[in-house]
Amino acid sequence: MKRVIKKVAVLGSGVMGSRIACHFAGVGVQTILMDMVPKGMEESIKPAERNKLVNDALAAAIKSNPSPVYTKDVTKKITTGNFTDNMKDIANCDWVIEVVVERLDIKQQIFEQVEKYRKPGTLITSNTSGIPINMMAEGRSDDFKKHFCGTHFFNPPRYLRLLEIIPTKYTDPAIVDFLMNYGDLILGKTTVLCKDTPAFIANRIGVFGMMAIMNTMEKMKLTVDEVDALTGPIIGRPKSATFRTGDVVGLDTLVKVAKGVADNCPDDEAKHLFTIPAWLQKMIDNNWLGDKTGQGFFKKTKGAGGEKEILTLNLQTMEYGARVKPKFASVDAAKPIDDLKTRIKMLCGGSDKAAEFYKTFHYALFSYISHRIPEISDELYRVDDAMMAGFGWEIGAFETWDVLGVAKQTEALKAAGYTVAPWIDEMLAKGNTSFYKVENGKRLCYSPATGTYVSTVGDESAFIVMKNFENQTIWKNAVCRTYHLGDDVIGLEWYTKMNSIGAEVLEGLNKSVALAEEKYKGLVVANDGAQFSAGANVGMIFMFAIEQEYDELDMAIRMFQNSTMRLRYSSVPVVVAPHGLTLGGGCEINLHADKCMPAAETYIGLVELGVGLIPGGGGTKEFVLRAADEMHEDEPETITLKNRFLNIATAKVATSAQEGFQIGVFRKGLDEVVMNQSRRISEAKRSVIELFDSGYVTPVQRTDIKVLGRSALGALLAGINGMQTAGYATPHDATVAKKLAYVMCGGDLSEPTLVSEQYLLDLEREAFLSLCGEKKTLERIQSLLKGGKPVRN
């Protein structure tokens, strides 16, 4: 049966329900969001009063930060209603998702109403985070049971990529397959198949990790600040680390999950660790639940001067005090190391208190996850997938075990008094020394059930990971690698800090284009890092400028411009697949691609004005070219130019790939958004092949770009002066904006003129060079290099 989801009903408009509705609307699905009629409004006949609860919840969600929607206009796809008046409307829905309060009796009441109206074959799922799915299915009709399972989203649904799929013993396997595929392709999720066990996978392991850390903290007499310093980005975990995460999630939620595991998992060998410490219970009793009550492990206050101050709870005295920055020798030594796996090895190999903490924590974690197979999952890679997608870990628990050495860690943890599941010893006895391995660009994972290695994904071709092709490297330098991705397509990635772009990256771009032109169908530009690129290497620009090496600086800018033009005018298709931060020079690379395949979570824009420069790698030129192409006879010619000028002048950054179309970075009808970030490289490869096979022809450099000269320049300069006079722009802001206006109008031309791309590139480069000599610009760059925000001066 072909199943199409045209309309979804979300039952429950709380924090999760309202944001799940926003996410469905964001991917283009018509959504109806429902909740109860507010108390006291039962007799009202006014829809605004009867729907006040759901309407207020949706409005609060839309205003929340970070935004739950890709663009504001997607909310037009959401309608609201209430259970009393609108439950009948689910008859027209293809999927009904229950997201009401975590009480089995209330959920069962909702399902009873759903049964009255849902048409046979309609999907019905629950977003419960812990109530057994099988219990919710009891008493329902056969058709209901067949189409029912758990779909556990993580908050916030737009940003946390995990979607746990939990079938019951009644669920049709075809429904499970559909939800796994739909969650992946359409919702952009890492879909993880879970067994119906307490807390499923991510919360079971995640909460264990937090409770084990608390236990270790007590034994080692560590502080809250020390633990958060040890369990954050330094080991590939989110900035919120342990206790800040607790405050964000809510300590009541943490305790509820921990008690649920302790009460419902009698055979869990580590269930003693889920016992709530006395100090944590006191926090619950005091209603110190974290952000939702204004204080938890941390408390925001105002200092004597009125400035914001964050205090930390002392768990011995239960009093708040000033935060203390911890100092650990092993952490200080590891911080300069960019590679996470190397850093973890160093941290665990030290001899100070931090290293002792890491060893103890990892022994407990490795022991625990070994015993959870096959209890919570038959496949161990699902555990890693869940933790990375749901808790923001950069590296999974089993993969971390691989990094530190499976045999070595197993021996060490046993010596420390921990145990491992028998299948670990069996795996090692067979000569298998790692949980993961890569063969022919495919990532394989050990299967305890079969004793062999199996694929970690269903369709290998759909999930390309650059690092898996290291044994197919065809060229490299100190910071770049070019891989053969198969099917006569090559891929380029670089791995500088924040993936910034310097001379070696530009060398990689040019060399990869040349290689592609020589004997391949085309080139994919992408990477596996956290960000696509934070932009050009401003440190190099600052060095040249401060030493007044303007010839070197001019050469560097020319090289950047020539490189982006090389991408545009290569004889084979070049497809770029950005994700995360894609700023400045990173954006300019995208502007010159034949096609872009951005992940939905791509934050892209030309931000050079923030440091007192203009886009110098062809970005300014490209915005002028696109503005000229967008001019229409029925509107003033300056409108499109003004809009693009403002996007650069305000350093506008799109907060999603969809918004990237609205600000003119991505092109409607050409570029495509890839909802699942893990698929973007494979989709880019597919696009290269499609472009090549359809008869790709090298574009011809443009010489017909209409620039407006003085007629537009006067208007832009007047606007800039107005902004400065009103205090919205500093004198230096105005200086930079005027340079930008001059370039975008084609210079001080007496009338509209047709010019070439090279003409605009020359203007762009001259303006960029002149701004590098500005003292205020250098001050802004220096501030950025020191780790702060550029100071407006």
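As a reminder, the structure under discussion sits directly above these lines.
I will try to describe carefully the structure that is included in this document.

Notes on the packing of helix α23 (residues 550-568) against helix α31 (residues 757-772)
Then step 1. Packing of α23 against α31 brings their axes to within 10 Å, and their N-to-C directions diverge by 145°. For the element pair α23 and α31, the recorded crossing hand is right-handed. On α31, the residues touching Y550, L553, D554, I557, R558, Q561, M565 and R568 of α23 are E757, L761, E764, R765, F768, L769 and C772.
Then step 2. Of the residues belonging to the contact of α23 with α31, the class tally is eight nonpolar, one polar and six charged.

Thoughts on the sheet that holds strand β9 (residues 298-302)
Then step 1. With antiparallel pairing, three strands are arranged side by side in an open sheet as β9-β10-β11. The open sheet is flanked by β9 and β11 (319-322), the only strands paired with a single partner. Strand-to-strand, the axes of this sheet are offset by a mean angle of 45°, without reference to chain direction.

Let's talk about the sheet that holds strand β14 (residues 452-455)
Then step 1. As summarised here, the arrangement of the three strands in space is β12-β13-β14, forming an open sheet in which the pairing is antiparallel. Taken across any chain shown, the strands that pair with only one partner, and hence form the sheet edges, are β12 (436-439) and β14. Direction aside, the axes of adjacent strands within the sheet are offset by 40° on average.
Then step 2. Where strand β13 (residues 442-447) lies against β14, four bridges are found, and the strand directions are antiparallel. Each bridged residue has a counterpart across the sheet, and for L444 the counterpart in β14 is S455.

A word on unusual backbone geometry
Then step 1. Put simply, N65 and P66 share a cis peptide bond, and its omega is 5°.
Then step 2. On the secondary structure map, P66 appears in the loop between α3 (52-63) and β3 (78-82).
Then step 3. N155 connects to P156 through a cis peptide bond whose omega is 0°.
Then step 4. Among the secondary structure elements, P156 is positioned in the loop between β6 (148-153) and β7 (162-167).
Then step 5. Residues other than glycine seldom take positive phi values, yet F200 does so here, at roughly 55°.

Some remarks on empty space enclosed by the protein
Then step 1. Under the defined criterion, the tally for this structure stands at two cavities of 30 Å³ or more.
Then step 2. The space that makes up the largest cavity amounts to roughly 40 Å³.
Then step 3. Lining the largest cavity, in full, are I235, R237, I344, H362, W393, I395 and T400.
Then step 4. The class makeup of the residues in the lining of the largest cavity is four nonpolar, two polar and one charged.
Then step 5. If you trace the second largest cavity, you find it lined by G605, L606, F623, N647, I648, K652, I663 and V665.
Then step 6. Residues that form the lining of the second largest cavity fall into these classes: five nonpolar, two polar and one charged.

Focus: the layout of surface pockets
Then step 1. Size it by volume and the second largest pocket reaches roughly 1,100 Å³.
Then step 2. Taken together, 42 residues make up the lining of the second largest pocket; nearest its centre are A534, G535, A536, V538 and L784.
Then step 3. Mapped onto the lining of the second largest pocket, the elements with two or more residues apiece are α21 (503-519), α22 (538-546), α23, β20 (580-583), α24 (585-591) and α32 (775-785).
Then step 4. At seven residues, α23 tops the list of elements feeding residues into the lining of the second largest pocket.
Then step 5. In terms of residue class, the lining of the second largest pocket is built from 25 nonpolar, 12 polar and five charged.

Description of helix α25 (residues 619-630)
Then step 1. Taking 1.5 Å as the rise per residue, α25 with 12 residues should run 16 Å; its terminal C-alpha atoms sit 16 Å apart, in good agreement.
Then step 2. With 10 of 12 residues buried, α25 is to be regarded as a mostly interior element.
Then step 3. Where α25 is buried, its residues contact α23, α24, α26 (638-649), β23 (705-707), α30 (731-744) and α31.

Overview of the packing of aromatic side chains
Then step 1. If you walk through the whole model with that rule in mind, you get 27 aromatic pairs.
Then step 2. Aromatic side chains W423 and F435 sit 6.0 Å apart centroid to centroid with 65° between the ring planes, which places their arrangement in the edge-to-face category. In this pair, W423 is assigned in helix α20 (residues 422-429) and F435 in the loop between α20 and β12, connecting sequence segments 12 residues apart. With respect to burial, W423 and F435 carry one shared label: buried.
Then step 3. Ring pairs connect the aromatic residues F366, F398, W401, W423, F435, Y446 and Y453, which therefore count as one cluster.
Then step 4. A cation over a ring is seen here: R3 above F178, with NZ or CZ 5.9 Å from the ring centre.

The rules behind each value
Residues numbered from 1 in each chain as written. Predicted model: local features only at pLDDT ≥ 70, side-chain atom pairs only at ≥ 80, totals over all residues. Heavy atoms only, no water. Axes fitted to C-alpha atoms, helices over the stretch in contact; angles between N-to-C directions. Helix = DSSP H or I, 4+ residues; strand = E, 2+ residues; numbered from the N terminus. Left-handed = near helix turned anticlockwise from the far one by under 90°. Contact = heavy atoms within 4.5 Å. Nonpolar A, V, L, I, M, F, W, Y, C, P; charged D, E, K, R; others polar. Pairing = 2+ DSSP bridges. 1 Å grid on protein atoms, 1.4 Å probe; cavity = no way out; pocket = protein on both sides within 12 Å on 5 of 7 lines; lining within 4 Å. Points joined across faces, edges and corners; volume = space filled by probe spheres on them. Expected span 1.5 Å × (residues − 1). Buried < 20%, exposed > 50% of the residue type's maximum accessible area, 1.4 Å probe, protein only. Phe/Tyr/Trp six-rings, centres within 6.5 Å; stacked < 30°, edge-to-face > 60°. Lys NZ or Arg CZ within 6 Å of the ring centre and 35° of its normal.

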